[in-house]
2 protein chains.
Amino acid sequence: MPAYDDLLSFQRVTEALAQVAGRTGWDQEAMMPRGAARQRSEEMAALEEVLHARRTDPRLGDWLEEAHAKDDVADANLREMRRSYARNQKVPARLAAELARVTSLAQGIWAEAREAEDAGAFRPVLAEVVRLRREEAAHLAEGGDPYDALMQDYEPGGSADAMAEMFGTMRPRLVALREAALAAPPAPRLTGHFPKEAQLQLAREIAERFGYDFARGRLDLAVHPFSSGSGLDVRITTRVDEAEPFGCLYSTIHEVGHACYEQNVAADHLLTPIGKGVSMGVHESQSRSYENQIGRSEPFCGWLYGRMRDLFGEIGVASERDFYRAVNAVRSGYIRTEADELHYNLHVMLRFDLERALMRGELEVDDLEEAWNARFEADFGVAVDKPSNGFMQDVHWSIGLFGYFPTYSLGNLYAGCLMAAARAELPGLDDALAQGDPSQATGWMRDRLQVHGALRTPAETIRHATGAAPSAAPLLDYLDAKFTDLAK
Amino acid sequence: MPAYDDLLSFQRVTEALAQVAGRTGWDQEAMMPRGAARQRSEEMAALEEVLHARRTDPRLGDWLEEAHAKDDVADANLREMRRSYARNQKVPARLAAELARVTSLAQGIWAEAREAEDAGAFRPVLAEVVRLRREEAAHLAEGGDPYDALMQDYEPGGSADAMAEMFGTMRPRLVALREAALAAPPAPRLTGHFPKEAQLQLAREIAERFGYDFARGRLDLAVHPFSSGSGLDVRITTRVDEAEPFGCLYSTIHEVGHACYEQNVAADHLLTPIGKGVSMGVHESQSRSYENQIGRSEPFCGWLYGRMRDLFGEIGVASERDFYRAVNAVRSGYIRTEADELHYNLHVMLRFDLERALMRGELEVDDLEEAWNARFEADFGVAVDKPSNGFMQDVHWSIGLFGYFPTYSLGNLYAGCLMAAARAELPGLDDALAQGDPSQATGWMRDRLQVHGALRTPAETIRHATGAAPSAAPLLDYLDAKFTDLAK
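Residues numbered from 1 in each chain as written. Chains lettered and ligands numbered in written order. Predicted model: local features only at pLDDT ≥ 70, side-chain atom pairs only at ≥ 80, totals over all residues. Heavy atoms only, no water.

**Student:** Summarise the nonpolar core; cite the residues concerned and give the values.
**Tutor:** Of all hydrophobic cores here, the largest spans 129 residues; its most connected members are Met-308 and Phe-323 of chain A. Considering every element that reaches this core, the biggest residue donor is helix α14 (residues 341–359) of chain A, with 11 residues. In terms of domain composition, this core takes at least three residues from each of domain 1 (2–151) and domain 2 (160–486) of chain A. Once residues within four sequence positions are removed from consideration, Phe-323 of chain A is found in contact with Leu-190, Phe-246, Cys-301, Leu-304, Tyr-305, Met-308, Ile-315 and Val-317 of chain A. By size, the runner-up hydrophobic cluster in this structure holds 127 residues, among which are Ala-137, Ile-253, Tyr-261 and Trp-372 of chain B. (Core = buried A, V, L, I, M, F, W, Y, C linked by side-chain atoms within 4.5 Å. Buried < 20%, exposed > 50% of the residue type's maximum accessible area, 1.4 Å probe, protein only. Helix = DSSP H or I, 4+ residues; strand = E, 2+ residues; numbered from the N terminus. Domains from an automatic or database assignment. Contact = heavy atoms within 4.5 Å.)

Listed below in structure tokens is the structure:
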């Protein structure tokens, strides 16, 4: 198979350059000095130009035509390369470079404007990002739905209709559970001071307990927690609030879920198209399983309560059960990343509807803040008080991620399927979690799902791991049991 | 000038990618997790492949032929691009790839062999590096002196004959000063414990005093101090020994000299061929001026003594004068990077003579260690005790840097010229230094030299700043005055 070998050699260099581009993004968030933004946007554009040239190299078309798969690995690599090649052929190089330049710039403007609560300073560059992404979506969709076209970058096989159906199934049960939870006595809150260094020490310890390998990664601070990289260099970030330790700890567990997926892909697949997570939805299934289904479970909370008492002394809650209730408090808050498991998907639904409208040209950036605020008050019963609690809270839109948000809910759905299957096979799981040991569950995820990377499509990846097609039922049953118990 | 504009647009992208490659190198030394090495070597090779392809792109030849300079900036950019293109055209692609592969391998072998004091493990790969660099030098020299040809990568316009003449002038006066210094009573030594965080705090404060802009840079720890990047993102590293603070502080000042040259190049030149330091020699003139002529001056040492007493309490020396003597202690050590101002150039002379003989085929790698040890004992009066204190101490030869070492001495010579000119114009300099304020001197360097980047050739850069052609006399007069006083 000389064509396949040529293709894979060429692709290996592209994948290596993509890792460099990803790490340059990490650097921008975690390390870059503030005054470097203008130069950095040229650097990112240069990398994007090189990557785009490689991804649209005419030789790829010839090789892809000639290449034949000798096994399932080659078959999957060809599937990924064909999808990527077809996608990139459709987008003009000028547009790809412009998108890279503008989103890099917009991210910096977003961060400063958000800090200053200055929506007006963010709006013009966001309008530019939206204009460019609409243009790209038109190229990709070739007459079809622009939102569906953009979704393929994050969830191959996903569609706005499928997402709308998923949300339609979820919404009534989530709303009912939320109402019951809000009617119950409020959960206790932690009190006290949680020094930054101690939080980071605990975050590092928990990251290791969940299987994160620091020999192939590192944990740093950034405005927005994220995981970056594949294979031998997978880095995570977190943030610290000295009055509120759960943000740091559960963000870390969340990013560890993403990072373990990337670290645990079989070494044979390093720097090949399948040597990484297959989609954002499957990725999110890992982060949400780690964060919520394991990290916010009653037995693990029991262990964490003891560990936090050791580290921080009195923390304002008097029992493991109260701590568990504090960790899983249901409140109508502004911030998606701080939302409880019931509100989280309502946050996503709001963004899904708004960004779909933006991409379809049914909503303009000038009207976005008002639309957000109206919808938020309708869904959450609270008025948005400032942009950083509203439409400027997430980095996503500033960097052009439209079509990405629904993968968070899809990830919750997948997590429900995966953890139901894992629990059925791991009767000792809760006893181990009560000792602060999540390795049975994380090992199950590693062996059933993570090692395979992008060998199978997203839906097939879940089916291979669980033995059944994905559905919302396990997630909704899990939420029902957990939050009905908590509302007692 | 369409050809010139095309050329500069193309080059801007290349320069941006070179910045990314440089920062990837920084990351490798300062941030990379240890388990990432294998993946990182593929990433670096991929970046090198892209950069090499751009630097030998056939369009460059056409553009360079057609392009005409409309002003001195365009003239200088064309000079730099023509030199680089001609250089890369002369080296066969096979040889360039082989050199990249072997030097990357050799650096790893050097590091392990040096750690194990195993010269035999290093010799075969060094012989291979020497063989390849000789071959490359023959291509570059086209019948001329191979060492001169290699020097052009580091010091355009430099030559072995000019270096030999420089060293011939320096040597007798350095030897005489060294003998007088070693005959004088030994300098006092600092005692005490110097906590890492306090050293880094002081290093940051001093970096700012010397004009380093943290909004466009950062200071981190690495095994070897270095400066990396140009323009809006110029990062430095240092190292900390809690028993010996001068290593951290003076390495920092040295790297700040390099970094300020890169930070202060006029913004108009950002990401163009002249938007960076013009040569290694001129670069070293900045780091050595900052480190030695300013940082190790008596008035600045007086201020530093007070600052260190504030931070560290008793440090084992009883007066400003004793502190100044401790900072400038003259000792016959093995290690170039730890050498005082008198011994430093003797270290360089040894390397220059040996590497010139290697490149001319008058010395073979099998005889290198013996030649080094004999010469070291003759020059320094001490027998080399182990390879890491001898011919294996520097990374340079393992990565193929032959013709680089003399630029360190040339930098000292240039620093002598520059500081003599600056002092003649800045009568209040010593009073300001005694207050810990080097801004008169660093401002003079910025305005006279740094802002211009590579607008002029190295020798013209010095002549423009000082009004005179470079010569060794100012450096030797400075050393004479300083060390005659210190030996009293």
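Next comes the rest of the account.
**Student:** Outline the UniProt feature "binding site: Zn(2+)" (unreviewed entry) in chain A, supporting the account with residue identities and numerical values.
**Tutor:** Residue and element names in this part refer to chain A. Mapped onto the present numbering, the UniProt feature "binding site: Zn(2+)" (unreviewed entry) falls at His-254, His-258 and Glu-284. Taking the farthest pair of C-alpha atoms as the criterion, the annotated set spanning 31 residues converges on one region, since that pair is 8.6 Å apart. Position of His-254 among the secondary structure elements: in helix α10 (residues 245–264). Residue His-254 is classed as buried on the basis of its relative accessible area, which comes to 9%. Excluding residues within four positions of it along the chain, His-254 makes contact with Glu-284, Ser-287, Arg-288 and Glu-291. Structurally, His-258 can be placed in helix α10. Among the residues examined, His-258 registers a relative accessible area of 11% and is labelled buried. The contacts of His-258, once residues within four sequence positions are left out, are Ser-227, His-283, Glu-284 and Ser-287. (UniProt positions renumbered as here; feature names shortened; annotations may be inferred.)

**Student:** Could you give an account of the pattern of salt bridges, with specific residues and numbers?
**Tutor:** Should their charged atoms come close, side chains of opposite charge can pair. The tally for this structure, following the rule as stated, stands at 97 salt bridges over all chains. In this structure, Asp-477 of chain A and Arg-173 of chain A form a salt bridge, with 3.2 Å as the shortest nitrogen-oxygen distance. Taken together, the residues span a long stretch of sequence, with Asp-477 of chain A in helix α20 (residues 473–486) and Arg-173 of chain A in helix α8 (residues 160–183) at a distance of 304 residues. For Asp-477 of chain A, a relative accessible area of 44% gives the class partly exposed. For the salt bridge of Glu-98 of chain B with Arg-101 of chain B, the shortest nitrogen-to-oxygen distance reads 3.4 Å. Taken as a pair, Glu-98 of chain B and Arg-101 of chain B lie in helix α5 (residues 93–115) at a separation of 3 residues, close to a single helical turn. With relative accessibility at 49%, the residue Arg-101 of chain B sits in the partly exposed group. Connected through salt bridges with shared partners, the residues Arg-23, Asp-233 and Arg-235 of chain A together with Asp-27, Arg-40 and Glu-43 of chain B form a single ionic network. (Salt bridge = Lys/Arg side-chain N within 4 Å of Asp/Glu carboxyl O.)

**Student:** Pulling in residues and values, what's your account of the sheet that holds strand β1 (residues 219–221) of chain A?
**Tutor:** All names here are of chain A. Strand order in the open sheet formed by 3 strands is β1-β3-β2, and the pairing between neighbours is mixed. The two strands at the open ends of the sheet, each matched to only one other strand, are β1 and β2 (227–228). Two elements, β2 and strand β3 (residues 235–238), share 2 bridges in a ladder whose sense is antiparallel. Among the inter-strand pairings, Ser-227 is bridged to a residue of β3, identified as Ile-236. (Pairing = 2+ DSSP bridges.)

**Student:** An account of the packing of helix α1 (residues 2–30) of chain B against helix α3 (residues 58–66) of chain B is needed here, citing residue identities and associated values.
**Tutor:** Residues and elements named next belong to chain B. In contact at an axis separation of 8 Å, α1 and α3 are set at 140° when each is read in the N-to-C sense. Our classification of the angle between α1 and α3 gives oblique. Taken as a pair, α1 and α3 cross one another with a handedness that is left-handed. Judged by residue contacts, Ala-3, Asp-6, Leu-7 and Phe-10 of α1 engage Arg-59, Leu-60, Trp-63, Leu-64 and Glu-66 from α3. Of the residues contributing to the contact of α1 with α3, the split by class is 6 nonpolar, no polar and 3 charged. (Axes fitted to C-alpha atoms, helices over the stretch in contact; angles between N-to-C directions. Parallel < 35°, antiparallel > 145°, perpendicular 65-115°, else oblique. Left-handed = near helix turned anticlockwise from the far one by under 90°. Nonpolar A, V, L, I, M, F, W, Y, C, P; charged D, E, K, R; others polar.)

**Student:** Tell me about the relation of the copies chain A and chain B, and please be specific about residues and values.
**Tutor:** Mapping chain A onto chain B leaves a residual RMSD of 1.1 Å; the transformation is a rotation of 175° accompanied by 0.9 Å of translation along its axis. In the structure described here, the two chain copies are related by an operation that fits a two-fold rotation axis. Closest approach to the rotation axis within chain A is made by the C-alpha atom of Val-20 of chain A, at a distance of 4.2 Å. When the interface residues of chain A are mapped onto chain B, 100% of them are again interface residues, pointing to one common binding face. (Least-squares fit on C-alpha atoms with pLDDT ≥ 70 in both.)

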